[in-house]
Amino acid sequence: LLRLLSGMYRASEGRVLLDSLDIDQVSRHFLGEQIGYLQQDHRLFSGTLRENLLIGIPDPGDDVIRQAAETSGLLSVIAGHPKGLELPIAEGGKGLSGGQRQLVAFTRLLISKPAVWLLDEPTASMDEQTEQRCLKTLRQTMQADDTLVLVTHKPSLLALVNRLIVIANNQIILDGPRDQIIAKLQEAAKKQQEAVKATS
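Along each chain, residues carry numbers from 1 onward, in the same order as the chain's sequence is written. Given that this is a predicted model, residues contribute local features only at a pLDDT of at least 70 and side-chain atom pairs are listed and counted only at 80 or more, while totals for whole chains, interfaces and linings are drawn from all residues. Side-chain descriptors were evaluated using all non-hydrogen atoms of the structure, hydrogens and water having been removed beforehand.

## Remarks on the nonpolar core
A general tendency of soluble globular proteins is for nonpolar side chains to be buried together.
Stage number 1. In plain words, nonpolar cores are sets of buried Ala, Val, Leu, Ile, Met, Phe, Trp, Tyr and Cys residues tied together by side-chain atoms within 4.5 Å. Accessibility here uses a 1.4 Å probe with only protein chains present; expressed as a share of the type maximum, an area under 20% marks a residue as buried, one over 50% as exposed, and anything in between as partly exposed. Counting residues in each nonpolar core, the largest one holds 36 residues, and the members touching the most others are Leu49, Leu53, Leu74 and Leu148.
Stage number 2. By the criteria applied, helices consist of DSSP H or I runs no shorter than four residues and strands consist of E runs no shorter than two, each listed in order from the N terminus. Mapped by element, the contributors of at least two residues to this core are helix H3 (49-54), helix H4 (62-72), helix H5 (75-79), helix H6 (98-112), strand S6 (116-120), helix H7 (128-141) and strand S7 (147-151).
Stage number 3. Of the residues forming this core, the biggest block, 7 residues, is contributed by H6.
Stage number 4. Whether two residues are in contact is decided by their heavy atoms, any of which lying within 4.5 Å being enough. For Leu49, the contacting residues outside a window of four places in its chain are Ile78, Gly84, Leu85, Leu87, Ile89 and Val104.
Stage number 5. Leu2, Leu18, Tyr37 and Leu118 belong to the second-largest nonpolar core, a separate cluster that totals 10 residues.

This is the structure:
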């Protein structure tokens, strides 16, 4: 779904609309400026940390990069290495932990300042403290008219959204206001627990 929404995949049927425009009719450059896609397993390439942060983005200058890194928590990685932003990154991000790789991708998103945020399990590899920092950063950074599409299994991230869509076996099984859907899920879980008790 996120790859369709980002323009990486083309729909075999139906259309993906961005402000009423068919996404296939919008230039890749414009999509790159407006849509920020954070994949769960963000792949880094061989180069410097700076190059990985700025791939496909005009260099905004060290001050902007530093501010984004300080906000995300990546600054501790930068400050902890003698080469700073010129820290060499091996292909695939070898040498960085999964959480650090996600921080690099998250910081890149903050630098690009998209209008549409597509996040796939954005904190999956982070410890709780780093996750809470990133959630706080998202709340403070996203504008009121920005769009967020979030894929997650973590209840802690649901505070960021106002609509919840539950998908199973490639089908939408529930869709509606977040609190209503959560209540339905809790009720279903309660009934399932009661049914298990009754058969045991």
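The rest of the description comes next.
## Quick word on the layout of surface pockets
Stage number 1. Note on definitions: the grid is 1 Å and covers protein atoms alone; a cavity is a set of points where a 1.4 Å probe fits but cannot get out; a pocket is an open set with protein on both sides within 12 Å along at least five of seven lines; lining residues have an atom within 4 Å of a point. Grid points are joined across faces, edges and corners, and a volume is the space filled by probe spheres set on the points. Of the pockets and cavities examined, the largest pocket occupies roughly 1,300 Å³.
Stage number 2. The wall of the largest pocket is formed by 36 residues, among which Val149, Leu150, Val151, Arg163 and Ile165 lie closest to the centre.
Stage number 3. Of all elements in the fold, only helix H1 (2-6), S7, strand S8 (163-168) and helix H8 (178-199) reach the threshold of two or more residues within the lining of the largest pocket.
Stage number 4. In this classification, the charged set is Asp, Glu, Lys and Arg, the nonpolar set is Ala, Val, Leu, Ile, Met, Phe, Trp, Tyr, Cys and Pro, and all remaining amino acids, among them Gly, are polar. Class assignment for the residues of the lining of the largest pocket results in 23 nonpolar, 6 polar and 7 charged.
Stage number 5. Lining the second largest pocket we find 21 residues, and of these Gly32, Ile35, Gly36, Tyr37 and Arg108 sit closest to its centre.
Stage number 6. Of all the secondary-structure elements, those providing two or more residues to the lining of the second largest pocket are helix H2 (28-34), strand S3 (35-38) and H6.
Stage number 7. Top contributing element to the lining of the second largest pocket by residue count: H2, with 4 residues.
Stage number 8. By residue class, the composition of the lining of the second largest pocket is 9 nonpolar, 8 polar and 4 charged.

## Notes on the packing of H4 against H6
Stage number 1. Axis lines are fitted to C-alpha atoms, over the contacting stretch for helices. Their N-to-C directions set the angle, which ranges from 0 to 180 degrees. Contact pair H4 / H6: the axes reach a minimum separation of 9 Å and the direction vectors enclose 130°. Taken as axis vectors, H4 and H6 run oblique relative to one another. Crossing of H4 against H6: the hand is right-handed. Each of Ile65, Ala68, Ala69, Thr71 and Ser72 in H4 lies in contact with H6, whose residues at this interface are Leu103, Phe106, Thr107, Leu110 and Ile111.
Stage number 2. Here the residues of the contact of H4 with H6 are counted per class, giving 7 nonpolar, 3 polar and no charged. Here is the rule for angles: anything less than 35 degrees is roughly parallel, anything more than 145 is roughly antiparallel, 65 through 115 is roughly perpendicular, and the remaining ranges are oblique. A crossing counts as left-handed when the near helix is turned anticlockwise from the far one by less than a right angle, and as right-handed when that turn is clockwise.

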